[in-house]
Amino acid sequence: MSIVVENVTKKYGEQKALSQVSFTAKPGEIVGFLGPNGAGKSTMMKIITGFIPANEGSVSVCGLDVSSNQIKIKKKIGYLAEQNPLYYDMFVREYLTFIAGIFKISNSKERINEIIKLVGLSLEQNKKIGALSKGYKQRVGLAHALLHDPEVLILDEPTTGLDPNQLEEIRNLIKKIGAQKTVMLSTHIMQEVEAICDRVIIINKGEIVANDSTKNLSNLFNPNSVIVVEFEKAISIQKINQIVGITKVEELNSKTFKVHHKPKTEVKNDLFNLAIAENNSVESLQRETKNLEGIFKELTTKN
Ligand code: ADP
Ligand code: MG
């Protein structure tokens, strides 16, 4: 496992920001850390990267306990903080050379060239950071996080404040990087998770409320499978009801039906076959699902 978080609790004074949080992330995985503002995402990420300590629990990264391996851990992790802290008066290449010095990167010139190309900063490499657009500043932050070739990448809201084109570019970049590393990225946007993450961990008020693949999460919240089917011509509801696995049929009009069926039972082909047998045809067939946006709202707005 690349990241193992066990029963982490964090308090700021009297306020509990994290309560008994546990999860893991494995190599090659892009994990979305999703939650509304104030849920505890940044706090968790600061603990994983060793910037602040937890009050209780433990965190290990690449098999090393974070609290007792501060220096070693920094070499294993690339971190893009929420307020991407850049030196605006420095030039892009100058800044990356400075960071390479901190990490004591050997043949740093080559490595910087490689990273500049990877994150798409070739045209901006000789510009002042302060003169760059928000999207390009994020790329500099990503370049910083990637320079020492860490195994684990922690990205705190990497796409916040980007316009739709920049968003797309940074998402593609993260996907590309994620193929070889363990990536954990926080966001308060569900679509972001759907677009790039293999798995989602939903946090609300300092507690984990879901941890699953995006697909499983959807199945979990849609236990009863529902299909809306429209036939070309009217058809009797009894005929549909006879299909094995169908638990309930609602007639929306003489041609359109809402079909409930047992989970993991495929009834689509039977509906098509029924249409053929009845000299009818299927005009449209659509699965009704609660989308992930709805699931997120349901999980994060109660109490
Ligand atoms: P998120 O990143 O999900 O928006 P944070 O981890 O930043 O959430 O914050 C979680 C909670 O902890 C919030 O209620 C926030 O106000 C509080 N908090 C965060 N940092 C501090 C701090 N340094 N001192 C006091 N409270 C803090
Ligand atoms: Mg935050």
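The structure this text deals with has already been given above.
Here is what the cut-offs are and how they apply
- Residues numbered from 1 in each chain as written.
- Chains lettered and ligands numbered in written order.
- Predicted model: local features only at pLDDT ≥ 70, side-chain atom pairs only at ≥ 80, totals over all residues.
- Heavy atoms only, no water.
- Helix = DSSP H or I, 4+ residues; strand = E, 2+ residues; numbered from the N terminus.
- Buried < 20%, exposed > 50% of the residue type's maximum accessible area, 1.4 Å probe, protein only.
- Contact = heavy atoms within 4.5 Å.
- Areas by Shrake-Rupley, 256 points an atom, 1.4 Å probe, with all protein chains shown as cover.
- Lys, Arg positive; Asp, Glu negative; His and termini not counted.
- Charge placed at Lys NZ, Arg CZ, Asp CG, Glu CD.
- Axes fitted to C-alpha atoms, helices over the stretch in contact; angles between N-to-C directions.
- Parallel < 35°, antiparallel > 145°, perpendicular 65-115°, else oblique.
- Left-handed = near helix turned anticlockwise from the far one by under 90°.
- Nonpolar A, V, L, I, M, F, W, Y, C, P; charged D, E, K, R; others polar.
- Arc of directions from axis to C-beta.
- Donors = N, O, S within 2.8 Å, 3.2 Å for Na, K, Ca; no water.
- Core = buried A, V, L, I, M, F, W, Y, C linked by side-chain atoms within 4.5 Å.
- Near = heavy atom within 4 Å.
- Polar contact = N/O pair within 3.5 Å; in protein donor to acceptor, adjacent residues only side chain to side chain.

Student: Before we move on, could you go through the overall build of the chain and cite the residues and values that matter?
Tutor: Tallying secondary structure elements over the chain gives eleven helices and 14 strands in all. A total of 303 residues make up the chain; the buried ones form 48% of that total. Restricting to contacts in the chain with at least 6 residues of sequence separation, those with at least 24 account for 67%. Total accessible area on the chain is roughly 15,500 Å²; 49% of this is exposed by carbon and sulfur atoms. One way to put it: in the chain the 39 positive side-chain charges average out to a point 4 Å from where the 34 negative ones average out.

Student: An account of the packing of helix α3 (residues 92–102) against helix α5 (residues 134–146) is requested, with residue identities and associated values reported.
Tutor: Remark: α3 packs on α5, axes separated minimally by 10 Å, with the N-to-C direction vectors making an angle of 25°. If you check the angle between α3 and α5, you find them roughly parallel. Once α3 is placed against α5, the crossing between them reads as right-handed. Between α3 and α5, the residues in contact are V92, Y95, L96 and I99 and V140, A143 and H144, respectively. Tallied by class, the residues present in the contact of α3 with α5 amount to six nonpolar, one polar and no charged.

Student: With reference to specific residues and values, describe helix α10 (residues 268–277).
Tutor: All of the buried residues along α10 are L271, L274 and A275. Down the axis of α10, the sector holding all buried residues measures 100°, keeping them to one side. Across from the buried face of α10, at angles greater than 90 degrees, the exposed residues are N269, I276 and A277. The elements touched by buried residues of α10 are β11 (225–231), α9 (237–241) and β14 (282–288). Immediately downstream of α10, the backbone of N279 shows phi near 60°, a positive value.

Student: Could you give me a rundown of the coordination of the magnesium ion (ligand 2), with the residues and numbers involved?
Tutor: Around the magnesium ion (ligand 2), the protein supplies S42 (OG), E82 (OE) and E82 (OE) as donor atoms, at distances of 2.0 to 2.7 Å. With a gap of 40 residues between them, S42 in helix α1 (residues 41–48) and E82 in the loop between β6 (77–80) and α3 connect regions that are remote in the sequence. Classification of E82 as partly exposed rests on a relative accessible area of 37%.

Student: I'd like to hear about the nonpolar core, residue by residue, with values.
Tutor: Within the largest apolar cluster, 45 residues are counted, with the highest numbers of intra-cluster contacts made by Y95, L96, V140, L147, L155 and I202. In this structure, V140 is in contact with L86, V92, Y95, L96, L121, I129 and L132, ignoring residues within four places of it in sequence. Membership of the second largest hydrophobic core comes to 27 residues, among which are L64, A81, I154 and I201.

Student: Talk me through the site of ligand 1; I want residue IDs and the actual numbers.
Tutor: As a matter of local geometry, ligand 1 sits amid Y12, Q15, A17, P36, N37, G38, A39, G40, K41, S42 and T43. Y12 is positioned with one of its side-chain polar atoms (N or O) 3.4 Å from a nitrogen atom of ligand 1. Within the backbone of A39, an N or O atom sits 3.1 Å from an oxygen atom of ligand 1. Protein burial of ligand 1: of its 560 Å² of free accessible surface, 62% is covered by the chains. When contributions to the shell around ligand 1 are tallied by element, the ones reaching two or more residues are β2 (15–25) and α1. Across the shell around ligand 1, the residue classes break down as four nonpolar, six polar and one charged.

Purely geometric stuff here, so don't read any function into it on its own.
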